[in-house]
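An overview of the molecular structure
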Amino acid sequence: MQILKQWKTEPEKWLFRILLVVFIASMVPVLYLSRYGFPNCDDFTYGLETHRVWNATHSFGEVLKTALAVTKETWQLWQGTWFSIFLMTLTPGVFGEKWYFLTTLLMAGMLGGSICVLMHTVFFRYISRAKENRYLRGICTLTVLFLTFQTFVSPVLALYWYNGSLHYVFMEAVLFFAVSALLCLETSEQKSKKILWMILSAVLCALLGGANLLTGLQSVILIVLLTAWEFFRKKKNRFWFLFPLVCSLVGFAFNVLAPGNLIREDTAESMGAVKAIVLSFYWGIVYVTEWLTPIVLVGFAMLIPAIYRLAKQAEGKFFKPLYAVFLSFCVFCAMFTPTLYATSSEGPDRCKNVMRVVLYLLVFFNLLNGCGWAWQLKQPGQHSQSRQRKQSEQLPQSRPGFFYRLLELLEETKSAFYAVTLIVMGVIFLFAADKNTYTSVSAVRSILNGEAAEYAAENNARLELYTNGEPEITITPLSVEPYLLYIDDVTNEGDRGYWLNLALMDYYGKDRITVSEPEE
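Thresholds applied
Residues numbered from 1 in each chain as written. Predicted model: local features only at pLDDT ≥ 70, side-chain atom pairs only at ≥ 80, totals over all residues. Heavy atoms only, no water. Phe/Tyr/Trp six-rings, centres within 6.5 Å; stacked < 30°, edge-to-face > 60°. Helix = DSSP H or I, 4+ residues; strand = E, 2+ residues; numbered from the N terminus. Lys NZ or Arg CZ within 6 Å of the ring centre and 35° of its normal. pLDDT = per-residue confidence, 0-100. Contact = heavy atoms within 4.5 Å. Expected span 1.5 Å × (residues − 1). Buried < 20%, exposed > 50% of the residue type's maximum accessible area, 1.4 Å probe, protein only. Core = buried A, V, L, I, M, F, W, Y, C linked by side-chain atoms within 4.5 Å. Axes fitted to C-alpha atoms, helices over the stretch in contact; angles between N-to-C directions. Parallel < 35°, antiparallel > 145°, perpendicular 65-115°, else oblique. Left-handed = near helix turned anticlockwise from the far one by under 90°. Nonpolar A, V, L, I, M, F, W, Y, C, P; charged D, E, K, R; others polar. Patch = residues over 30% accessible without salt bridge, like charges linked within 9 Å, V, L, I, M, F, W, Y side chains within 5 Å. Areas by Shrake-Rupley, 256 points an atom, 1.4 Å probe, with all protein chains shown as cover. Salt bridge = Lys/Arg side-chain N within 4 Å of Asp/Glu carboxyl O. Pairing = 2+ DSSP bridges. Right-handed = clockwise from strand over helix to strand, strands pointing away. Disulfide = S-S within 2.5 Å.

Applying the stated criterion across every chain, the model contains 30 aromatic pairs. Here the aromatic rings of tryptophan 82 and phenylalanine 254 are separated by 6.3 Å at their centres, their planes lie at 75°, and the arrangement is edge-to-face. Taken as a pair, tryptophan 82 in helix 6 (residues 82–88) and phenylalanine 254 in helix 13 (residues 242–256) lie far apart in primary sequence, 172 residues in all. Positioned over the ring face of tryptophan 14 is arginine 17, at 5.0 Å from the centre of the ring. Sitting over the face of the ring of tryptophan 375, lysine 312 holds its NZ or CZ atom 4.9 Å from the ring centroid.

Below is the structure:
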């Protein structure tokens, strides 16, 4: 009874505690599963030369020199994503397969950390720094984190495969850090802090120019929009944005103008730019409806009372919701354009992982903006006299009366609303028909049924053959394919996946790797 009483009087405090425990508990199996991971696919191709140099010298300096050389060669002969290529050559498996578990820690840390920093920046710089709002801010951040990590389109490509997750998840996290730095630059008062944020944002924007084209284009669009907004509103720090803007454009130009892009374009079927842009909006609609699943909708609905309380404390003005939603939708749809233009497809699952994360953040910030706009429109003191007169001339039905009353009602009944939505989220999460729907459930399942341990044992048995010094070896097929760990496997010559055999032969110095036929 005492707990129920406290829940009614301090629901945000208790909801924050519950969400914190749930999020930490949900991440334990996800991170623990990383100990069973093993390098795969392009980890062997991009890590080939650095792996050889490390085995020969055990010098990290020599590895870095080799990484730069591979980056230059790949930029000239295959693709222009120079920053991604450099980091791809430094997969943890290069220094020993036992270190591959660091992949999941790195990707989860980067993505989770960048989301926390971005939301913290928005809250503290534009909403409220008040200590009493810490539970509200925590509820919002933890919910977004939970939904992000549990509903990846392909969690293996997001957290457990270095090459694929580095190219997309890691780079998207760098973008979130860059946006945070730009927002800090926009609101800084002291010249020394302006210089600091300008340099940091410029470096990050330049590096993002060498990321995958999806993230690279997205970063250019955002820096252009932010800079244009600064000058349109004649903000005092507008000229400080020019240096990061130039760095972003230069880094991206160095990417798209790489000689290797022309060679790679010959291997893919591209489409016209106009058609790609039009289809981007089509696929944007498709995936908005597909990714806003019941658990996501309920999760964001649960946040509305907390978001509303935070939004009411903001000093700055909010945008008209329809304008904000339209602009956000355009930014989201733009993420489909590079892959449509380059490959005539909406993109592989590793691209969709970051698209879904961006969608969640856009939904959250649009809820924040909508709640703040509804509140400020009802507060005459928030507007100038001319705007008050303009609003007084509008018809009553043009004002957000229903939405405002709904927000007030949810705030009045927040303790019951939090409890109901939290329970509904728990039921959806725990009773999903497909046990691979949510990352943590899939991880627990693989650990408890032993398939993760078996997968690791079979890969370690293969590793002994890879490193036994014999030029030709025969390996047995994998008996398990854990959803969160398995990507692809070796085959025999003539089969579609034989390229992986070739990569392994180069990586481990073999003349031939064959797969034994399964016993009848």
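Moving on, there is more to tell.
Moving on: the confidence of the model for the protein. When pLDDT is averaged along the protein, the result is 90, and 94% of the positions lie at 70 or above. Mean pLDDT values over the elements of the protein span from 45, in helix 20 (residues 385–392), up to 97, in helix 9 (residues 155–160). Contacts for the low-pLDDT stretch residues 383–398, under 50 throughout, to residues beyond four places or in other chains number nine contacts.

It is worth spelling out helix 12 (residues 213–232) at this point. The terminal C-alpha atoms of helix 12 lie 28 Å apart, and with 20 residues this matches the ideal 28 Å at 1.5 Å per residue to within 8%. Along helix 12, the positions that sit buried rather than exposed are Leu214, Thr215, Gly216, Gln218, Ser219, Val220, Ile223, Thr227 and Glu230. Taken together, the buried residues of helix 12 touch helix 10 (162–187), helix 11 (191–208), helix 13, helix 18 (337–343) and helix 19 (349–377). Immediately downstream of helix 12, the backbone of lysine 234 shows phi near 55°, a positive value.

A word on unusual backbone geometry. Of note, cysteine 41 is a non-glycine position whose phi angle comes to about 50°, a positive value. In this structure, cysteine 41 sits in the loop between helix 2 (11–32) and helix 3 (42–46). A relative accessible area of 6% means that cysteine 41 is categorised as buried. Backbone geometry places serine 344, a non-glycine residue, at a positive phi of 65°. Mapping serine 344 onto the fold places it in the loop between helix 18 and helix 19. When its relative accessible area of 31% is taken as the criterion, serine 344 is described as partly exposed.

The subject of this paragraph is the nonpolar core. Core analysis: the biggest nonpolar cluster contains 140 residues, and Ile115, Cys140, Phe149, Leu159 and Phe364 have the highest contact counts within it. No other element matches the 16 residues that helix 19 contributes to this core. Setting aside residues no more than four positions away along its own chain, isoleucine 115 makes contact with Val144, Leu145, Thr148, Phe176, Val357 and Leu361. Within the second largest apolar cluster, eight residues are counted, among which are Leu182, Met198, Ile223 and Phe241.

Before going further, it helps to spend a moment on the environment of leucine 87. In this fold, leucine 87 is placed in helix 6. Sequence separation of leucine 87 and arginine 264 is 177 residues, and the distance between their C-alpha atoms is 20 Å. In this view, leucine 87 contacts Tyr162, Leu166, Phe170 and Met171; residues no more than four positions away in its chain are not counted.

If you trace the backbone, methionine 335 turns up in the loop between helix 17 (321–334) and helix 18. When the C-alpha atoms of methionine 335 and threonine 476 are compared, they prove to be 41 Å apart, with 141 residues separating the residues in sequence.

When two helices pack together, their arrangement is given by the angle between the helix axes and by the axis-to-axis distance. Between helix 11 and helix 13, whose axes approach to 7 Å, the crossing angle comes to 15°. Looking at the two axes, helix 11 sits roughly parallel to helix 13. By crossing handedness, the relation of helix 11 to helix 13 is classed as right-handed. Only Phe243, Pro244, Cys247, Ser248 and Gly251 of helix 13 make contact with helix 11, whose side of the interface consists of Met198, Ser201, Ala202, Cys205 and Ala206. Tallied by class, residues from the contact of helix 11 with helix 13 come to seven nonpolar, three polar and no charged.

Close contact between helix 16 (residues 294–311) and helix 21 (residues 401–412) brings their axes to 9 Å; oriented N to C, the two are set at 105°. The orientation of helix 16 with respect to helix 21, classified from their angle, is roughly perpendicular. Side by side, helix 16 and helix 21 meet where Ile304, Pro305, Tyr308 and Arg309 of the first sit next to Tyr404, Leu407, Glu408, Leu410 and Glu411 of the second. Of the residues in the contact of helix 16 with helix 21, the class split is six nonpolar, no polar and three charged.

Here the focus is a nonpolar patch on the surface. Residues Phe402, Phe403, Leu406 and Leu409 make up a contiguous nonpolar surface patch of about 380 Å² in total accessible area. Owing to a relative accessible area of 31%, phenylalanine 403 belongs among the partly exposed residues under this scheme.

In this sheet, strand 2 (residues 512–515) lies alongside strand 1 (residues 472–475) in parallel orientation, the contact comprising four bridges. Bridged to isoleucine 473 within strand 2 is isoleucine 513. What joins strand 1 to strand 2 is helix 25 (residues 498–508), and the crossover it makes is right-handed.

So, on to helix 19. Under the 1.5 Å per step criterion, the end-to-end length of helix 19 is 41 Å for 29 residues, consistent within 8% with the ideal 42 Å. By the criterion of burial, helix 19 is predominantly enclosed, with 24 of the 29 residues buried.

Tallied over the entire structure, the rule returns zero disulfides. Unpaired in terms of disulfides, cysteine 41 finds its nearest cysteine sulfur in cysteine 351, a separation of 15 Å. Looking at cysteine 116, it has no disulfide partner, and the nearest cysteine sulfur is the one in cysteine 140, 12 Å off.

To continue, consider the pattern of salt bridges. For the structure shown, the criterion picks out 11 salt bridges. Between arginine 309 and glutamate 12 there is a salt bridge, with the nearest N and O atoms lying 3.1 Å from each other. Of this pair, arginine 309 sits in helix 16 while glutamate 12 sits in helix 2, and the two are 297 residues apart along the sequence. For arginine 309, a relative accessible area of 24% gives the class partly exposed. Across the pair arginine 512 and glutamate 493 runs a salt bridge, and its minimum N-O distance is 3.6 Å. Of this pair, arginine 512 sits in strand 2 while glutamate 493 sits in the loop between strand 1 and helix 25, and the two are 19 residues apart along the sequence.

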